[in-house]
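# Observations on chain architecture
Residues per chain, in single letters:
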Amino acid sequence: MSRIVILTGAGISRESGLETFRDEGGIWSRVRLEDVCTPQGFARDPTLVDNFYNQRRRELQTAHPNPAHEALAALENAYHPSEDDAFLLVTQNIDDLHERAGSRNVLHMHGELKRLRCSTCGITFHWEKDCHPETCCPACDQPTLRPDVVWFGEMPLHMERILSAIARCDLFVAIGTSATVYPAAGFVEQASGHAHTVELNLVPSGNAVLFNEAAYGTATQIVPRFVQNLLQEGHVHE
């Protein structure tokens, strides 16, 4: 394989102790997404939204990368592409576990939990503490900060770069994603025809029939095994 695109969803971080959103008992079973994950919800009650993300940020402080994250970092480390984005890890997750595991070429299409954005001056910056409606921007000193995450109704980030990589890839692997949120749910269709497509998931996703190959089980079991087989078979080369 000469070009690889990996897509990850909440399922890969579940075994690190981070809750998923859509699974039974997940976050959306207790909190209305309209209240905490839309621009309208933030306008109605910024304190509620800030506290929701403050809690997610605190939970992330105690989470650690698991063997699935580490396997993908090892795969990237073993692969030395000669062109940009020949190995690209696209994640729907807003946690930083891929980076902490050692992955380098990572795109967060839904933003990052440890970043804030100023609605006044547009700056984005790293942030690990709690944020409140009265917290001021370090650049313009205005209390107009919001989580630097993509809410429902907003455009995902890095789409031009992601679609370009998918259009040229030879291997597309989706890991731990429910295939219910677009545009990510449509990536396998865009890769089909020119790339070998693989689904690695706890259970078959909604578009499982579109993949050429699949393996089901916990991410910490199936992702390291898949990576090991890929490297042993010699499909990844310098």
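Above: the structure in question.
Residues numbered from 1 in each chain as written. Predicted model: local features only at pLDDT ≥ 70, side-chain atom pairs only at ≥ 80, totals over all residues. Heavy atoms only, no water.

## A closer look at the packing of helix α4 (residues 67–78) against helix α8 (residues 219–232)
We count it as follows: Where helices are involved, their axes are fitted lines through C-alpha atoms of the stretch in contact, as for all axes, and angles between N-to-C directions lie from 0 to 180°. A run of H or I in DSSP becomes a helix once it reaches four residues, and a run of E becomes a strand once it reaches two; helices and strands are each numbered from the N terminus. Note on angle classes: values under 35 degrees are labelled roughly parallel, values over 145 roughly antiparallel, values of 65 to 115 roughly perpendicular, and the remainder oblique. Crossings are assigned a handedness: left-handed for a near helix turned anticlockwise from the far helix by less than a right angle, right-handed for a clockwise turn. Two residues form a contact once any of their heavy atoms are found within 4.5 Å. In this classification, the charged set is Asp, Glu, Lys and Arg, the nonpolar set is Ala, Val, Leu, Ile, Met, Phe, Trp, Tyr, Cys and Pro, and all remaining amino acids, among them Gly, are polar.
Running from amino to carboxyl end, α4 crosses α8 at an angle of 15°, the nearest separation of the two axes being 8 Å. Accordingly, the angle class assigned to the pair α4 and α8 is roughly parallel. You can see that α4 and α8 cross each other, and the crossing is left-handed. Listed contacts from α8 to P67, A68, A71, L72, L75 and A78 of α4 are A219, T220, V223, P224, V227, L230 and L231. Grouping the constituent residues of the contact of α4 with α8 by class yields 12 nonpolar, 1 polar and no charged.

## Regarding the nonpolar core
The test is simple: By nonpolar core is meant a set of buried Ala, Val, Leu, Ile, Met, Phe, Trp, Tyr and Cys residues that side-chain atoms within 4.5 Å join together. Burial status follows relative accessibility: with a 1.4 Å probe on protein chains alone, a residue under 20% of its type maximum counts as buried, one over 50% as exposed, and anything between as partly exposed.
Ranked by internal contacts, the top residues of the largest apolar core, which has 23 residues, are I6, L72, V173, I175, L200 and V223. Looking at this core, the elements that each hand over two or more residues are β1 (4–8), α4, β2 (87–91), β7 (171–175), β8 (196–201) and α8. Top contributing element to this core by residue count: α8, with 6 residues. Contacts of L200, omitting those with residues within four sequence positions, involve V173, A174, I175, G176, A215, I222, V223 and F226.

## Overview of the sheet that holds strand β5 (residues 124–126)
Rules: In this analysis, strands are considered paired if DSSP registers two or more bridges between them.
Spatially, the 3 strands line up as an open sheet ordered β5-β4-β6, and their pairing is antiparallel. Strand pairing shows two members of the sheet lacking a second neighbour, β5 and β6 (145–149), which therefore form its edges. Across this sheet, the average inter-strand angle for adjacent strands is 45°, counted without regard to direction. Here strand β4 (residues 111–118) pairs with β5 via 3 bridges, running antiparallel.

## Brief notes about the pattern of salt bridges
The line we're drawing: The salt bridge criterion pairs a side-chain nitrogen of Lys or Arg with a carboxyl oxygen of Asp or Glu, the two atoms within 4 Å.
In this structure the tally under the stated criterion is 11 salt bridges. Residue R32 pairs with D35 through a salt bridge whose shortest N-O separation is 2.7 Å. Exposure remark for D35: the relative accessible area of 22% places this residue in the partly exposed category. With its nearest N and O atoms 3.0 Å apart, the salt bridge here joins R100 to D96. The class for R100 is partly exposed, based on a relative accessible area of 35%. A residue is classified by how much of its surface remains accessible, and D96, at 15% relative accessible area, is buried. One continuous salt-bridge network, built from bridges that share partners, spans R32, E34, D35 and R44.

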